[in-house]
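The lines below spell out each chain.
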Amino acid sequence: MVIRRPLPRDPVEARQLTLFKDLKYANHVFVTNLKTRPWRVWLFYDQRANIEKDIRELLYDYPLAKIPTDDWTANVAFFQIVLFAFNLVLWVKRLCLPRENLHATPDKVRTDYLVLLAQLSHRDNRNVLLLSRGHHQQDQFLAAHKKIARLKLTEKL
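This is a predicted model, so every value here is computed, not measured.

Engineer: Please clarify how the side chain of N101 should be interpreted in this entry.
Structural biologist: With respect to the helices and strands, N101 occurs in the loop between α4 (72-95) and α5 (106-114). Within polar-contact distance, the side chain of N101 engages the side chain of Y113 at 2.8 Å. Those residues in contact with N101 that sit more than four places away from it in its chain are K93, K108 and Y113.

Engineer: What's the story with the packing of helix α3 (residues 51-60) against α4 in this structure? I'm lost.
Structural biologist: The relative placement of two packed helices comes down to the angle between their axes together with the axis-to-axis distance. Interhelical geometry of α3 versus α4 gives an angle of 115° and a closest axis separation of 11 Å. Here α3 runs over α4; the crossing is right-handed. Side by side, α3 and α4 meet where D54, E57 and L58 of the first sit next to V82, L83, F86 and K93 of the second. Taken together, the residues that form the contact of α3 with α4 break down as 4 nonpolar, no polar and 3 charged.

Thresholds, definitions, all that
Residues numbered from 1 in each chain as written. Predicted model: local features only at pLDDT ≥ 70, side-chain atom pairs only at ≥ 80, totals over all residues. Heavy atoms only, no water. Helix = DSSP H or I, 4+ residues; strand = E, 2+ residues; numbered from the N terminus. Polar contact = N/O pair within 3.5 Å; in protein donor to acceptor, adjacent residues only side chain to side chain. Contact = heavy atoms within 4.5 Å. Axes fitted to C-alpha atoms, helices over the stretch in contact; angles between N-to-C directions. Left-handed = near helix turned anticlockwise from the far one by under 90°. Nonpolar A, V, L, I, M, F, W, Y, C, P; charged D, E, K, R; others polar.

All we've got here are geometric facts, nothing functional implied.
Now the structure itself:
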């Protein structure tokens, strides 16, 4: 089965499509043993191709492009920590942030939700974080904070 679609707008993704040079379209070839209609094959495999975007994000937005040591065990630990951070940011975006941030880069999430002007104060035997007035993401920050507080973490062994 061959699918022809317009070239992606992302220049990095468009540059990877070099098997057949065409100015307007990309061709995708699927070889499968699934006994279903071609459009169902496309739907089945289309989501699996998104892993390329995740790999690109791990390389450019997380420090996965440079493995820090020559020690295999240390590198495995480093890789697992980076994947944990990637998954943590992904789930926070999915569960707690506004929908428009679903595809935000980690840098944007960090800038809008973690790097805030605030003052840590102590009131009634509690620590209180006082946000600066007029922060452009203050409402979204408070809404995300409430969603995080409502999350129930369960342990599965």
